[in-house]
Structures are given as structure tokens and as C-alpha cells.
Amino acid sequence: MCCSTDMISELIFINVSQQSARLPDSDTTSRCQEPSSASLVDLISEIAEKRAIYPAVSSANETWNYSSLISAVQKMARQLRNSPEFQPGNRVLLLVPNSVEYIAAFYGILMAQGVVVPLATNLESGTFEKILRSTSATQVITTPQVLNRRPDLQELQAKNTQKNQRQEIHRTATIHSNDAPADLAAIFFTAGSSGTPKGVMLSHTNLISNAQSIQKYLELDTSERPLCILPFHHAYGNSVLQSHLLVGAHLILDGNPTFPESMIDALNQHQCTSLSAVPDLYRILLERTSFGQTETPSVKYMTVAGGALEHSRSVEISQSISPARFFVMYGQTEATARLAYVPPEQLANVSASCIGQAIPEVTLEVVDESGQPVASTVVGELRARGPNIMLGYWGDPAGTHERIQDGWLYTGDLATTDESGWIFLKGRRNALVKISGYRVHPADLEEFAIRSFPIAQAVAVPFESKNTGTRLALYIKPAAEKPELSVSEMTKICRKKLPRQMVPDHIHVITDFPLNHAMKVDRQRLTQLMKDVELKQQLLKQ
């Protein structure tokens with residue numbers, strides 16, 4: 001069945017009055033692109049006209065065709081335009097889980113000429129407050145379910161209700177700066193290495209070019225039925241959304257990572273043609289479901305990005321889903337999600353850490369500290385150029401200048417190339433730490449652990465020891481159905497085979513790694529756990 005636009009009435013609009021809201025001194029227009037000849041709204045409207053009677057989105061029990069979807073988008077846009085607080089260019093925070101409501105709200109905000117700021121529905125309240133203030137957002141859109149479990153949104157709504165009851169809407173006192181690039185479509189917040197959220201400004205041009213590049217190398221067409229498990233508020237999930245909707249495909253919103261077997265069931269129930277997931281979701285599928293044993297005949301391809309999946313597991317997945325193809329991909333939010341991929345037919349022939357080749361319309365180079373290309377096998381920093389490179393960081397000209405220079409995005413990833421031009425990652429530049437005067441990369445310890453121990457996954461994090469300074473801690477997850485080594489045995493092997501600066505001071509065996517909003521390993525939490533261990537040890541000595 002196809003549903004009506006009544007779904008929009010279930011969304012909650014919270015107007016926000018921020019007194020004398022003003023952007024920090026900013027260079028947000030320094031990389032302002034020429035306005036795109038077509039916007040996302042133009043393209044989705046064109047697709048909706050051509051594909052009006054065809055299904056656009058299906059949940060477990062309901063289906064919306066493109067006609068009903070675009071009607072919901074239009075209704076959302078009208079509701080925003082009718083708000084006395086709203087003006088073109090205003091930022092709107094979107095706290096809605098994956099749903100047709102999310103899609104209608106995302107495009108509705110753009111149709112009203114607003115800027116979408118997608119956020120995780122369980123975003124920590126302090127971080128939400130920072131983003132609310134930094135963006136000078138005029139509206140928050142959410143659902144009753146999200147509102148009920150978020151006291152901060154309830155408080156925000158109560159303030160707005162009291163204001164309306166007193167009829168104290170002072171438009172002249174509520175200033176919302178619109179000092180933003182004309183082509184700005186969305187701001188995706190991503191936590192950097194410091195944990196401080198950075199607002200990545202993506203234009204209509206960025207989003208369209210990224211979607212079209214993905215459509216080319218994945219060879220997408222209207223027959224696609226992707227199972228959308230990744231959160232749309234994340235760059236990877238957003239790229240799945242845009243690349244498929246803008247080709248007129250049929251998105252499937254079903255399955256739940258909390259109950260991983262439900263994803264296998266959903267693939268077959270809806271005859272899905274693809275699945276895109278982060279490494280930890282694939283590990284869960286391999287370890288806790290019938291993945292590999294249950295046939296999924298409709299699947300044409302699967303993709304992985306958002307972190308490194310062990311090469312052996314990538315090959316295992318590729319072989320288990322054949323003749324479907326498995327794409328190992330690399331990207332960053334700052335590049336609208338995608339920069340490189342390994343052609344599936346080459347996956348078994350490349351070594352670990354290979355990210356393959358640049359996607360269409362993107363140029364990748366490995367350069368030295370002066371910006372000059374290095375020879376093959378020499379390690380340098382990976383930089384990228386193309387129409388998908390962000391406008392910059394919201395309200396952060398210094399951060400923008402550090403990452404974007406002369407049109408190049410400096411990724412912060414160390415890399416090298418081989419003689420055939422394949423690119424291999426060597427870790428994060430800012431992840432390098434000094435231990436006993438030596439430069440050490442935690443990724444080297446992780447790779448050693450994977451090679452040396454019967455484990456499924458390893459994560460190394462630096463921490464500060466009161467007595468010895470910077471040291472490494474190693475968290476490992478044992479491999480299923482393999483004999484386990486004790487912590488003392490693993491420590492002995494590390495001391496025998498590694499230089500002192502790489503030997504972890506602590507090895508912790510855990511059942512599951514904590515994940516952040518982007519479904520990646522939460523390294524900050526692991527570091528904090530190590531700090532707590534150090535503190536307890538200090539207290540015991542007192």
C-alpha cells in the first residue's frame with residue numbers, strides 16, 4: 001500500500017529563539033562554490049515526476065511511492081515557510097531516526113531553502129546544546145518518541161510554548177545570521193580526533209557529485225532495492241540515501257542491528273539488492289547470524305566503509321556472497337563520504353590496508369610536507385581534489401584552512417602507493433604519538449596483534465601514565481572457536497617481538513567494542529576506560 005502525507009503531522013517542530021545569535025568570525029565563504037545548476041530538490045522533483053507511481057521507500061509494513069514522497073516533501077516545506085521564525089538559509093536541526101519522515105524532512109528543509117543539520121537521536125545533551133548554539137538554528141524537527149526520551153528537547157519545547165502563550169515573539173530581538181555559502185545544503189557534524197564536533201559544510205554540488213560518482217562505479221539503476229541499515233545522519237548512510245533516491249531506486253527501511261538476524265531476514269523478505277555497512281556490523285553478521293549460510297539470491301553487491309575491516313574478513317565476505325560483488329571503500333565526511341574503492345575483482349589480489357583507486361571525478365595524491373608528490377612506496381599524506389570536497393568547517397576558518405589548501409583536501413591519513421598506483425593507508429597523521437622519544441603509531445600494534453594472536457579484532461589507544469608518560473593500551477576481542485591466549489602469554493610475545501616503545505602496558509580482553517553514533521569503535525571511550533584503570537591503580541597505592 002502507498003501512504004499519504006499524514007506522516008508529517010507526526011513530526012514535532014520546535015521553534016528556537018536565540019538572542020542576538022551571530023556566527024563567530026568566519027571564513028565560511030572562502031571556498032564558496034558557484035551555485036549548482038541543479039539542486040538536490042530539482043533532481044528529486046524530476047525523479048518523482050518520472051517515477052511517480054513506483055515505490056520509493058518501504059518499511060516493514062508500509063510503502064510510499066515517489067508521488068506520495070514528494071507530496072510529503074512539499075508539505076514539509078510549506079510548514080517551514082509558514083513559520084514566522086524561518087528564513088531562507090536558516091539552519092534546521094533534524095533529530096529523526098531512519099524513516100520516510102526523515103527523508104521528507106531532509107528534502108522539505110532544502111525545498112524551503114533551509115540548511116539541514118542531521119543529528120543522532122541519542123546525541124549527548126551537552127553536544128546537542130553546543131551544536132544548537134553554534135549553528136544558530138531556528139527550528140528543531142523531531143518525533144514524539146525522541147522527544148519523550150530527551151529532557152533537553154522537552155525543555156526547549158516548553159520555553160517555546162511559554163513564549164507563544166505570552167505572545168512575546170520579538171522578531172527584531174531574534175537575529176539569526178545567514179552568513180553562509182549560497183550553495184550550502186547541509187551541515188554534518190563529525191567528531192574529530194579531539195572529540196570536539198566539527199560541522200562539515202556540504203553543498204548541493206558536493207552531494208550531487210558524490211551521489212553521481214557512486215552511481216557510476218556501483219552501476220546503480222532504478223531496479224536497486226538497498227537495505228538501509230546505516231543511520232542517515234551519518235555521511236555514509238546519507239550517501240546511500242542520496243545515490244539511490246537520485247536514481248529512482250526503492251529504499252528498504254527494515255532490519256535492526258540490535259537483532260542482527262533480522263537484517264538477513266529483511267534482505268530476503270524484501271528481495272534487497274544491496275547492503276552497506278560499517279566493519280563492526282559485518283563482524284556481527286559473521287559472528288552472530290546465519291550470514292554466509294543463508295542464501296540471499298537477490299543481492300547484487302555489498303559495500304563496507306567507515307573504518308578498516310580485516311582483509312581476510314573482506315575476502316571471506318566476498319567469497320561467501322559471490323556472484324554478488326563486495327566493495328571495500330574509503331572516504332571521509334569532508335569528502336561527502338566517498339573517495340576511493342577497491343574493484344571487487346581485485347580484492348583477493350591486494351594486500352591489507354589497500355583502498356584501491358579514486359572514485360570517478362576525484363583525484364588522489366600522496367604528498368610530502370611541502371605538498372610535493374612522493375615516489376611509490378614512500379609514505380606521505382593523502383590528499384584529494386574533486387567536486388565532492390566540502391565547502392569547509394562551519395564557523396571554523398582556521399580548521400578549514402588546515403584541511404583545505406589550494407583546492408586540495410588534506411585527509412590527515414598517511415598513505416603510500418605501489419608501482420601500479422594502488423593506494424595503501426598507513427594510519428592517521430595525528431594518531432602518531434611519542435613514546436620514550438620514538439614516534440609510534442597505534443595501528444602498527446593493532447596489525448601486529450592481528451597477525452600474532454588468535455583474535456578477531458584489536459584496537460590500540462594511547463594513554464598518559466603518571467609514572468612512565470605516554471603508553472599504549474591494547475584491547476582485543478577473541479576469535480570465535482579458536483584457542484585463546486592468556487594476557488600474560490600475549491604480553492610475553494609482545495615483549496619478545498616488539499621494540500619497547502610499542503609494547504602495550506595493558507592488554508584488555510573484551511567481548512564487544514563500544515560503538516559511537518557512527519557505529520565505529522569508540523576510541524575515546526576506550527581511552528577513558530584506561531584513564532579510569534590508571535586512577536584506580538593510583539588510589540590502591542595510596
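Right above here is the structure, for reference.
Residues numbered from 1 in each chain as written. Predicted model: local features only at pLDDT ≥ 70, side-chain atom pairs only at ≥ 80, totals over all residues. Heavy atoms only, no water.

A.B. asks: Help me understand the packing of helix α3 (residues 100–111) against helix α8 (residues 235–245) in this model?
C.D. replies: Helix packing geometry: the angle between the two helix axes and the distance between the axes. The geometry of α3 relative to α8 is characterised by a closest axis approach of 13 Å and an angle of 80° between their N-to-C directions. Classified by the angle between their axes, α3 and α8 sit roughly perpendicular to one another. Contacts from Y102, I103, F106 and Y107 in α3 reach N238, L241, Q242 and L245 in α8. A per-class count over the contact of α3 with α8 returns 6 nonpolar, 2 polar and no charged. (Axes fitted to C-alpha atoms, helices over the stretch in contact; angles between N-to-C directions. Helix = DSSP H or I, 4+ residues; strand = E, 2+ residues; numbered from the N terminus. Parallel < 35°, antiparallel > 145°, perpendicular 65-115°, else oblique. Contact = heavy atoms within 4.5 Å. Nonpolar A, V, L, I, M, F, W, Y, C, P; charged D, E, K, R; others polar.)

A.B. asks: Explanation requested: the layout of surface pockets in the structure shown.
C.D. replies: Summary: where empty space remains is shown by rolling a probe the size of a single water molecule over the atoms. For the second largest pocket, the calculated volume is near 820 Å³. Of all the secondary-structure elements, those providing two or more residues to the lining of the second largest pocket are α3 and α10 (279–288). With 3 residues, the top contributor of residues to the lining of the second largest pocket is α3. Looking at the lining of the second largest pocket residue by residue, the classes come out as 17 nonpolar, 11 polar and 5 charged. (1 Å grid on protein atoms, 1.4 Å probe; cavity = no way out; pocket = protein on both sides within 12 Å on 5 of 7 lines; lining within 4 Å. Points joined across faces, edges and corners; volume = space filled by probe spheres on them.)

A.B. asks: I would appreciate a short explanation of the packing of aromatic side chains in the present structure.
C.D. replies: Aromatic ring pairs are reported here in terms of the distance separating the ring centres and the angle at which the planes meet. Counted under the stated rule, the structure contains 9 aromatic pairs. Ring geometry for Y102 and F106: centres 6.1 Å apart, planes at 25°, overall stacked. Placement of both Y102 and F106 in helix α3 is noted, with a separation of 4 residues, approximately one turn of the helix. Summarising the burial analysis for this pair, Y102 and F106 share the class buried. Between Y282 and F326 the ring centres are 5.4 Å apart and the planes differ by 90°, which places this aromatic pair in the edge-to-face class. Of this pair, Y282 sits in helix α10 while F326 sits in strand β13 (residues 325–330), and the two are 44 residues apart along the sequence. For Y282, a relative accessible area of 0% translates into the label buried. Put simply, the rings of Y102, F106, Y107 and F232 touch in pairs and so form one group of aromatic residues. The ring of F128 has R150 sitting right over it, with the charged end atom 5.4 Å from the ring centre. The lysine or arginine in question, R338, covers the ring of Y236, its NZ or CZ lying 5.0 Å from the ring centre. (Phe/Tyr/Trp six-rings, centres within 6.5 Å; stacked < 30°, edge-to-face > 60°. Buried < 20%, exposed > 50% of the residue type's maximum accessible area, 1.4 Å probe, protein only. Lys NZ or Arg CZ within 6 Å of the ring centre and 35° of its normal.)

A.B. asks: Sorry, what's going on with unusual backbone geometry here?
C.D. replies: Excluding glycine, residues mostly carry a negative phi; peptide bonds, for their part, are mostly trans. Across the junction of S322 and P323, the peptide omega takes the value 15°, indicating a cis bond. By the secondary structure assignment, P323 is in the loop between α11 (311–321) and β13. In the Ramachandran plot, E219 falls in the positive-phi region, its phi being about 55° despite a non-glycine side chain. Tracing the chain through its elements places E219 in the loop between α7 (204–218) and β9 (226–227). On the basis of relative accessibility, which here comes to 54%, the residue E219 falls in the exposed class. Not every positive phi belongs to a glycine, and D406 is a case in point at roughly 55°. Within the secondary structure layout, D406 lies in the loop between β19 (404–405) and β20 (408–417). Judged by its relative accessible area of 71%, D406 falls in the exposed class.

A.B. asks: I would appreciate a short explanation of empty space enclosed by the protein in the present structure.
C.D. replies: Tallied over the full model, the rule gives 1 cavity of 30 Å³ or more. Each pocket or cavity is described by its volume, and for the largest cavity that value is around 70 Å³. For the largest cavity, the full set of lining residues is I214, Y217, L218, Y236, S239, V240, S243, H244, S276, T303, M329 and R338. Mapped onto the lining of the largest cavity, the elements with two or more residues apiece are α7 and α8. Here the lining of the largest cavity gets 5 residues from one element, more than from any other, and that element is α8. Considering only residue class, the lining of the largest cavity consists of 6 nonpolar, 5 polar and 1 charged.

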